[in-house]
Amino acid sequence: MDIFQSVLLTIATASTPLLLAAIGELVVERSGVLNLGVEGMMVIGAVCAFAAAYLSGNPWIGVIAGIVAGAVLSLLFGVLALSLATNQVATGLSLTLLGIGLSGMIGENFVGRAGARLPNLDIPVLTDLPLVGRLVFGQDPLFYVSIALTAAVMWFLFRTRTGLTLRAIGDNHKSAHALGINVLKYRYLAVMFGGACAGLAGAHLSLVYTPQWVENMTAGRGWIALALVVFASWRPWRVIGGAYLFGAVTIGQLHAQALGFGIPSQLLSSLPYLATIVVLVLISRDRRLTVMNTPASLAQPFVPDR
Amino acid sequence: MRIELIKRPQQSALFSAVSPLLALGLTVLAGFVIFSLLGKPPLEALYIYFVEPLSETWQLHELAIKAAPLIMIAVGLSVCYRSNNWNIGAEGQFILGGIAGSLIPILMPGFQNFLTLPLMLLFGFIGGAAMGAVPALLKTRFNTNEILTSLMLVYVAQLFLDWLARGVFRDPNGNNFPGSIRFPSAARLPEIIPSQGSAHLGIVLAVIAAAIVWVMMKYLLRGFEVKVLGGSPRAGRFAGFSSSRMVFFAFILSGGLAGLAGICEVSGAIGQLRETISPGYGFAAIIVAFLGRLNPLGAIAAGFVLALTYLGGEGAQMSLGISDKVARVYQGLLLFFVLGCDTLIHYRIRLVFGDPVKAQG
Amino acid sequence: MKKFLFALTATVALTAASGAFAEDKFKACFIYVGSKTDGGWTQAHDIGRQMVDKELGDKVETVFLENVPEGPDAERAIERFARSGCGIIFTTSFGFMDPTIAVAEKFPDVKFEHATGYKTAPNVTTYNSRFYEGRYIIGQIAGEVSKTGVAGYIASFPIPEVVMGINSFLLGARSVNPDFKLKVVWVNTWFDAGKEADAAKALIDQGVDVITQHTDSTGPMQVAEERGIKAFGQAFDQIEAGPNAQMTAIEDTWGPYYVKQIKAAMDGTWEGGKSTWDGLKDGILSMAPYTNMPDEVKAQAEKTQAAIESGELHPFTGPVNKQDGTVWLKEGEVSDDGTLLGMNFYVEGVDDKLPQ
């Protein structure tokens, strides 16, 4: 395998969990809900996916377990933040605490076990094509899911009636309610979709990225995913850009180190964060466009009045 | 079954007072269940969790040490969030405050007099404020979302501190391990009652900061401005308030207080600049700010509650072998109960059984 | 509420009283910086603690606190242990050094053991393991099996321990292949499986065919297995993660030391103010079975291990030059322990600039 392709594959693997979690959170935020518990849902997804795959021997059962676990945890957020109208920021942060603790409890007996890896796609002839074969036809299944999911979310939000309704709720839940839309139902579904995506991202970590369970293995990736939604100004295709920019700079700095440039590794390690800020500054200068895409009722609790 | 909220005509004074107690009751109940399921003596566990840390003087001091940074940061954040600015990067501002305040004892170890500490605290505030001003500047000048920039700068600050503590600020006699020299006593925040325990002045400063900010929010025009602009930027503009000036004010105040907390931690609790100076206080303080209902005085109570859960969890782990993961889960549940019970202040809760459509009709 | 609290206190007082007779066991306490199931540094210490339970369980009670952040939290945790009747307290991370010293001053009757530090007191000793002996052996193996003549090193933070490991590895490799090269990547974390795996991939893409690590997860081992190259386990036998990749592993085996020190503390022979730096011969570290390598390489490794254990071979023996080409150790000269414990320079041949 040539180095060009190999590096790009590494970037794709590093970016996929970010993309999966971010695209889910994007839908949540488009519905006007801010769930800061992505890290917690992701880590629960990772441990449940690993445990299920380990016990059943089938990584696909692991994937399903990860999705379900993330969605169930997000439901807890939903009950509090939606039904009880608690503060969303505090609830999301508490969810992260809970998720990290719970994942440690569940995973206690799975540490250090060799897990079941989700196999890469392998199509005879096509996968072996030079330059792009592996890139296009030989990656892990969740990579294709992440791209397809982004396309599907784009289509859903901007091409379907339900998607339009969801965006309307995010922009002004009061008007949406006045039009007879069941705001809470939409938001519950959106929150659970976000949880499922975060769980799937966690499954990618423990079944593809590094097929094992270690405590806290998300290592802050849920936070990065949250930041990427903002980076994307709530537009799905920009999430791909953000996730891959972040992944590329992360991998790039490791290569720069291996080449022995002698730049302090702390500076190199901070490049992905700095790069994200700089790029966001450059693209968010158009005030009109940003305001247009920001869900106006983000993080504001909604209680139907009568 | 579904939960229905009915808005009260006005805040319920009764539930403002009762809700924390209710949350406590639920937490105790949940604790009873969890600890019993784990096969641990539930009453003893609860005692260790909530009473023991308050029963010994030295533990009260430790509680104050743990609560001080949480309160100080949360006070600033509550103003910031009230003004509808989203500073998620207090952790980074805390770190930069710690670095800036440490410049004096590290670069000028000979400068030891009555000015040393006040200057360090001032530098700490300025350092945190400068770090906070970056997202504010990017937001007002380039319209860049402050959630992303403030969060990303946390990681940059952590790595910057790491670089300093392992490089230029490293103690030349420290065997090439990270960490600066230990500060001379003139650069150490004094302990309140040295004979009883190790709590330092940080907690006093935090409470003073809370009081000052509370007065500002309640009685000064600036506090009114925060609330108006936070509630509705449009209304604020009609009143002649500048929202971009408010962005700077909110970030400089919250960043500055986080920075002050940072230097208090370094100078009071740690005694040197290390490669890490915070176990996540900047993030935990966000929870504290909201638990305290975005009220500076509420932040004091909330800060102590959160600090208590850390100490209690540690005690339960040590005395009964309850793993720290269980403690973390329990902490999360406790926060959920407090948040959920606060709903009662503004709403009456009704459980609706049966077909939701009919119930609505 | 008041009544309830009273009932609560009363019950606790009762349970405490009934449990009192179990109190005459000697209490040995451990402070961990990570989780006891981190699969690396902390887990190795916890396995040591479990060995104490097994061997001295009828006389000794062990207690631990995990995930204790370095700094004021550590000081509180150690003080809590000291107040709760611990006879000996092991603080198992370098960052616990100053808190350990501070608490030890307040509790002169309690014995303290701090891992990997350099400050002692009348009731504080330090203990450490000569990991570099193992790193020399794996470096030599790498030097023999590598076809590209370049190895990759995934490093955590530039502290003397890690720098010493890098140097020892390269000296081992150069003892059999004088042109051997080493690429170093700093990941700025002890523990992030994903990031460590990414670093391993970057190194492999740049042409290394053996990797080793001074970080704690099995991420790099899994990458090595997947890409069909060789690697070495860290802290544990990681053969399960790399059945075809792991050639051996440097295993931390703290148990015998813990048992020895606790026994000494109980019978009154424990001495304060000491610094223990044990090596392969003392069993504080050991090598996992040599596999996935040609027989002659295995024989060579075993020979080197025996020579280190007998004291015949010291990995840091001259002639050794520093990275800039100046002489560090003259022919036959052996480095003193002080230089090693504070090491902040590379030896000749490391393809990296040491962060200063």
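What you are looking at is a predicted structure, and each value in this text was computed from that prediction instead of being measured.

(A) Structural detail: the overall build of chain A. The number of helices and strands found in chain A is 13 helices and zero strands. Scanning chain A from its N terminus toward the C terminus, one meets helices and strands in the order α-α-α-α-α-α-α-α-α-α-α-α-α. Rg of the C-alpha trace for chain A: 20 Å, near the compact-globule value of 19 Å for 306 residues, within the 12% margin. Here the C-alpha coordinates of chain A stretch approximately 65 × 45 × 40 Å along the principal axes. A buried classification covers 58% of the 306 residues belonging to chain A. The contacts in chain A between residues at least 6 apart in sequence include a share of 79% that link residues at least 24 apart.

(B) Representation of the interface of chain C and chain B in the model. Contacts between chain C and chain B engage 30 residues on the former and 25 residues on the latter. Among the secondary structure elements, those contributing two or more residues to the side of chain C that touches chain B are α1 (2–18), β2 (60–65) and α3 (72–83) of chain C. Classifying every residue of the side of chain C that touches chain B by side-chain character gives 15 nonpolar, 10 polar and five charged.

(C) Spotlight on the packing of helix α2 (residues 38–56) of chain A against helix α3 (residues 59–83) of chain A. Residue and element names in this part refer to chain A. Contact pair α2 / α3: the axes reach a minimum separation of 7 Å and the direction vectors enclose 145 degrees. The two elements α2 and α3 meet at a crossing, and its hand is right-handed. Along its contact with α2, which presents G40, M41, I44, G45, A46, C48, A49, F50, A52, A53 and S56, the element α3 presents P59, I61, G62, V63, A65, G66, A69, G70, L73 and S74. For the contact of α2 with α3, the class distribution of residues is 14 nonpolar, seven polar and no charged.

(D) A look at the sheet that holds strand β4 (residues 111–115) of chain C. Residues and elements named next belong to chain C. If you walk across this open sheet you meet the six strands as β2-β1-β3-β4-β5-β11, and the pairing is parallel. Sheet topology places β2 and β11 (275–278) at the edges, where each strand pairs with a single neighbour. Adjacent strand axes in the sheet meet at a mean angle of 20 degrees when their direction is disregarded. Judged from the four bridges that link them, strand β5 (residues 124–129) and β11 form a sheet pairing that is parallel. Directly across from S129, in β11, lies its bridge partner D278.

(E) Representation of the nonpolar core within the structure. Residues L228 of chain A together with M72 and I73 of chain B are the most contacted members of the largest nonpolar core, which totals 329 residues. When residues of this core are assigned to their parent elements, the largest contribution, 17 residues, is made by helix α9 (residues 183–209) of chain A. Taken domain by domain, the makeup of this core includes at least three residues from each of domain 1 (25–129 + 254–282) and domain 2 (131–251 + 316–351) of chain C. Aside from chain neighbours lying at most four places away, what touches M72 of chain B is L205, A206, A209, L257, L260, A261 and C264 of chain B.

(F) Up close: the confidence of the model for chain C. In this model, chain C carries an average pLDDT of 89, and 93% of its residues clear a pLDDT of 70 or more. Low pLDDT, under 50, characterises residues 1–22 of chain C; the predicted model gives this stretch 10 contacts beyond four residues in sequence or across chains.

(G) Spotlight on the packing of helix α10 (residues 221–231) of chain A against helix α6 (residues 146–166) of chain B. For the pair α10 of chain A and α6 of chain B, the least separation of the axes is 8 Å and the interaxial angle reads 145 degrees. Taken as a pair, α10 of chain A and α6 of chain B cross one another with a handedness that is left-handed. Only I147, L148, L151 and M152 of chain B of α6 of chain B make contact with α10 of chain A, whose side of the interface consists of W223, A227, V230 and F231 of chain A. A per-class count over the contact of α10 of chain A with α6 of chain B returns eight nonpolar, no polar and no charged.

(H) Seen up close, the interface of chain B and chain A. On the side of chain A, 38 residues touch chain B, which itself brings 38 residues to the contact. Those elements that place two or more of their residues in the side of chain B that touches chain A are β1 (2–7), α5 (116–142), α6, α11 (281–291) and α13 (324–346) of chain B. Broken down by element, the residue count for the side of chain B that touches chain A peaks at 13 residues, all from α13 of chain B.

(I) Examining helix α1 (residues 3–30) of chain A more closely. Residue and element names in this part refer to chain A. Taking 1.5 Å of rise per residue, the 28 residues of α1 would be expected to cover 40 Å, and the 39 Å separating its terminal C-alpha atoms lies within 8% of that figure. Of all the bends found along α1, the most pronounced is centred on S15 and spans about 35 degrees, while P17, a proline, follows it within four residues. Counting buried residues along α1, 22 of its 28 residues qualify, which places the element largely inside the surrounding structure.

(J) How the structure looks around the environment of G24 of chain A. Residue and element names in this part refer to chain A. With respect to the helices and strands, the residue G24 is situated in helix α1. Judged by the 33 C-beta atoms lying within 10 Å of it, G24 falls in the buried class. In contact with G24, other than residues within four places in its own chain, are F193, G194, A196, C197 and A198.

(K) Quick look at the domain arrangement of chain C. All names here are of chain C. Domain annotation of chain C identifies domain 1 (25–129 + 254–282) and domain 2 (131–251 + 316–351). Just the C-alpha atoms count here: the centres of domain 1 and domain 2 sit 29 Å apart. In this assembly, 12 residues from domain 1 lie in contact with 14 residues from domain 2. Of the residues in the side of domain 1 that touches domain 2, the class split is five nonpolar, six polar and one charged.

(L) Focus on the pairing of β4 of chain C. Residue and element names in this part refer to chain C. Of all five residues in β4, five are buried; the element is thus mostly enclosed. Side-chain alternation along β4 places K111, E113 and A115 on one buried face and F112 and H114 on a second face that is also buried. Looking at chain direction, strand β3 (residues 88–91) and β4 are connected through four bridges and run parallel. Within β4, the position partnered with F90 by the bridge is E113. Crossover β3 to β4 through helix α4 (residues 97–106) is right-handed. Strand direction decides the pairing type here: β4 and β5, joined by four bridges, are parallel.

(M) The arrangement of the sheet that holds strand β9 (residues 230–235) of chain C in detail. All names here are of chain C. One open sheet accounts for seven strands, arranged β12-β10-β9-β8-β6-β7-β15; its pairing is mixed. Pairing within the sheet leaves two strands with one partner each, and these edge strands are β12 (285–287) and β15 (350–351). Here six bridges tie strand β6 (residues 150–155) to strand β7 (residues 181–186), and the two strands are oriented parallel to one another. Within the sheet, the bridge partner assigned to A151 lies in β7 and is L182.

(N) Looking closely at the environment of V297 of chain C. Residue and element names in this part refer to chain C. Relative to the assigned elements, V297 resides in helix α10 (residues 295–310). Residue V297 is classed as partly exposed on the basis of its C-beta count, with 19 C-beta atoms lying within 10 Å. Taking the C-alpha atoms as reference, V297 lies 9.5 Å from A142; in sequence the two are 155 residues apart. Contacts of V297, omitting those with residues within four sequence positions, involve I141, E144 and V145.

(O) Spotlight on unusual backbone geometry. Cis peptide bonds are those with omega within 30 degrees of zero, and the linkage from G318 of chain C to P319 of chain C qualifies with 5 degrees. Within the secondary structure, P319 of chain C is located in the loop between α10 and β13 (320–321). Within the chain, N216 of chain A stands out as a residue other than glycine whose phi angle is a positive 60 degrees. You can see N216 of chain A is positioned in the loop between α9 and α10. Overall, N216 of chain A belongs to the buried group, with 20 C-beta atoms counted inside 10 Å.

(P) Geometry of α11 of chain B. Residue and element names in this part refer to chain B. Judged by how many residues are buried, α11 sits mostly within the fold: 11 of 11 residues are covered. By the burial criterion, the buried members of α11 are Y281, G282, F283, A284, A285, I286, I287, V288, A289, F290 and L291. At the C-terminal side of α11, R293 shows a positive phi close to 55 degrees.

Rules used in this analysis
Residues numbered from 1 in each chain as written. Chains lettered and ligands numbered in written order. Predicted model: local features only at pLDDT ≥ 70, side-chain atom pairs only at ≥ 80, totals over all residues. Helix = DSSP H or I, 4+ residues; strand = E, 2+ residues; numbered from the N terminus. Rg over C-alpha atoms; globule rule 2.2 N^0.38 Å. Buried ≥ 20, exposed ≤ 12 C-beta atoms within 10 Å, placed from the backbone. Contact = placed C-beta atoms within 7 Å. Nonpolar A, V, L, I, M, F, W, Y, C, P; charged D, E, K, R; others polar. Axes fitted to C-alpha atoms, helices over the stretch in contact; angles between N-to-C directions. Left-handed = near helix turned anticlockwise from the far one by under 90°. Pairing = 2+ DSSP bridges. Core = buried A, V, L, I, M, F, W, Y, C linked by C-beta atoms within 7 Å. Domains from an automatic or database assignment. pLDDT = per-residue confidence, 0-100. Expected span 1.5 Å × (residues − 1). Bend = angle between axes of the 7 residues up to and from the residue. Right-handed = clockwise from strand over helix to strand, strands pointing away.

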